[in-house]
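Topology and contacts: notes
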Amino acid sequence: MKLAATIVISLAILLAGGTASFVLNGYWSKPAASGVSELGKPPALEDAGGSDGEEDEGAPDLKEMIRTHQQRVVSIEASYAFGSGQGSGFLYNDLGDVVTNAHVVAGAESVMVKLSDTSLLPGQVIGIDEEKDVALIRVDGLAGEEPLQLELDKEAEVGDAVVAFGSPLGFDNTVTTGIISGLDRDLDIDNIKYRDVYQISAPITNGNSGGPLVLEASGKVIGINSAGNDQGNIGFSIPIHQVIDMLEAWSDNPDEALAAATNGANSGGTAFTEELVAEDAQYLLTFFYESINSGDYVTAYSLLGSEWQTGTTYESFREGYLYTTGAYVTDMTVVSASEESAVLDVVIEAWELEDGEPLLSYYELQYTVKPENGTLKIVSGKGQRLE
């Protein structure tokens, strides 16, 4: 990136240490390549362009809601005697309790939850109703964290705009939007009896199952995504008000026998495989840039490895981004991967301010991602500006 903005990726991303900005600013002092972005101008520049702004004001709010909610949505990995399964869930209270579908964890011998930063934490099922397809998992490592808010005072209406969240690390990092397209739907799937559920136009896939359905207008959870229809964009979500009493009862009085039977602490789920490292490394870098673009530098900085953080203070990391209005991943390739690390080539399109004017630059970068204390971290990076 260029001039003051060069510090953005050169200091904060590419190399660690206080001298990096000086060295790389000289190295990248050539005129920056410019062009027309396929993404259009970033939000800050669009606002400066004098549009009427009503729609522009709402869009960043929706994007911010999606980003912050994804940090409270988890991927659930259940291990059985003969295989494993995956689903979604969301943080329901400050005790570390995660709501999901019963079909995600029923019969599991161990349960692990994966967070948006790729951390793996053990969980125990403390309540389950297989007929209603609802379960509650206690994750001690999430105690004290801020949960998603629930909408209990208002039932959804046909036409309400909704967002269906899947697991942060599930299929395509799934977030789908739609509307409430029907009320009071009944359907039976095997032994599950869904009654008076919401029908939604937001598709529900395997990665969404157990995740929250959020009312776009308030950002509050109104349902649990539970079933989908492969023939079209139809999904079904259990209204949260139907099951809140059951969830509160399980939270207040956990089923200790059930919890012991699904003791995730005995799982080997914390082991990284080559495939897992490759997949999660791609997610981690995407999450890193999403955090940067949202101005959440604390989260972005937390994704760096300990050695990188030792050489680069948070203050200098944040200052490096003050002239960047957007940095977007346009291409990502896994060069190599093993159980211990992954190397990825990434192409970045960056909007930066130089002398108050927007400048478009492109960078070709290479990152190394490795596990540290059970969590993947971005441990190093190098790159160059593309002409």
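Look a little higher up for the structure.
Overview of the structure. (Residues numbered from 1 in each chain as written. Predicted model: local features only at pLDDT ≥ 70, side-chain atom pairs only at ≥ 80, totals over all residues. Heavy atoms only, no water.)

With respect to the helices and strands, the residue Ala337 is situated in strand 13 (residues 324-337). Classification of Ala337 as partly exposed rests on a relative accessible area of 24%. Through-space distance from the C-alpha of Ala337 to that of Glu275 is 7.7 Å; in sequence the pair is 62 residues apart. For Ala337, the residues in contact, after removing those within four places along its chain, are Glu274, Ala278 and Ala342. (Helix = DSSP H or I, 4+ residues; strand = E, 2+ residues; numbered from the N terminus. Buried < 20%, exposed > 50% of the residue type's maximum accessible area, 1.4 Å probe, protein only. Contact = heavy atoms within 4.5 Å.)

With antiparallel pairing, four strands are arranged side by side in an open sheet as 13-14-15-16. Only two strands of the sheet have a single neighbouring strand rather than two, namely strand 13 and strand 16 (375-386). For this sheet, the mean inter-axis angle between neighbouring strands, taken without regard to orientation, is 25°. Where strand 13 lies against strand 14 (residues 342-354), 11 bridges are found, and the strand directions are antiparallel. (Pairing = 2+ DSSP bridges. Axes fitted to C-alpha atoms, helices over the stretch in contact; angles between N-to-C directions.)

Take the sheet that holds strand 6 (residues 134-138) next. Ordered in space as 1-2-3-6-5-4, the six strands form a closed barrel in which the pairing is antiparallel. Going from strand to strand, the sheet's axes swing by 40° on average, the running direction of each strand aside. As defined by bridge partners, strand 2 (residues 83-91) adjoins strand 3 (residues 97-100) across two bridges and the pair is classed as antiparallel. The residue bridging Phe90 from the neighbouring strand is Val99, located in strand 3. Across the face of the sheet, helix 6 (residues 240-252) comes into contact with strand 2, strand 3, strand 5 (120-129) and strand 6 while running at roughly 40° to strand 6.

So, on to the pairing of strand 4 (residues 110-114). With five of five residues buried, strand 4 lies mostly within the body of the structure. On strand 4, burial covers both faces: Ser110, Met112 and Lys114 on one face and Val111 and Val113 on the other are all buried. Judged from the five bridges that link them, strand 1 (residues 73-80) and strand 4 form a sheet pairing that is antiparallel. Its bridge partner lying in strand 4, Ser79 is registered against Ser110. Bridge analysis of strand 4 against strand 5 gives four bridges, and the strand direction is antiparallel. Looking at strand 5, one finds that Val113 is bridged to Leu121. In this antiparallel pair of consecutive strands, strand 4 and strand 5, the connection spans five residues, and Thr118 shows a positive phi of 80°.

With that settled, the discussion passes to helix 8 (residues 274-293). An ideal rise of 1.5 Å per residue puts 28 Å on 20 residues; helix 8 measures up with 29 Å between its terminal C-alpha atoms. At the exit of helix 8 stands Gly295, carrying a positive phi of roughly 75°. (Expected span 1.5 Å × (residues − 1).)

On to the nonpolar core, then. Formed by 32 residues in total, the largest nonpolar core has its most connected members in Phe288, Phe317, Ile348 and Ile378. Elements with a contribution of two residues or more to this core: helix 8, helix 9 (297-302), strand 13, strand 14, strand 15 (357-372) and strand 16. Sort the elements by how many residues they give to this core and helix 8 lands first, with 10 residues. (Core = buried A, V, L, I, M, F, W, Y, C linked by side-chain atoms within 4.5 Å.)

Structurally, Asp97 is set in strand 3. By relative accessible area, Asp97 is classed as buried at 0%. Here Arg138 takes part through its side chain, which lies 2.7 Å from a polar atom of the side chain of Asp97. Dropping the residues within four chain positions of it, Asp97 is found in contact with Phe90, Leu91, Tyr92, Ile126, Leu136, Ile137, Arg138 and Ser251. (Polar contact = N/O pair within 3.5 Å; in protein donor to acceptor, adjacent residues only side chain to side chain.)

A few words now on the pattern of salt bridges. Here the idea is simple: oppositely charged side chains can pair when their charged atoms come close. For the structure on display, the rule yields eight salt bridges. A salt bridge links Lys114 to Glu77, with the shortest nitrogen-to-oxygen separation between them at 3.4 Å. Residue Lys114 is located in strand 4, and its partner Glu77 is located in strand 1; the two are separated by 37 residues in the primary sequence. Two residues, Asp160 and Lys154, come together in a salt bridge whose shortest N-O distance is 3.4 Å. You can call Asp160 buried: its relative accessible area is 16%. Here the salt bridges do not stand alone but share partners, grouping Glu64, Arg67 and Asp296 into one network. (Salt bridge = Lys/Arg side-chain N within 4 Å of Asp/Glu carboxyl O.)

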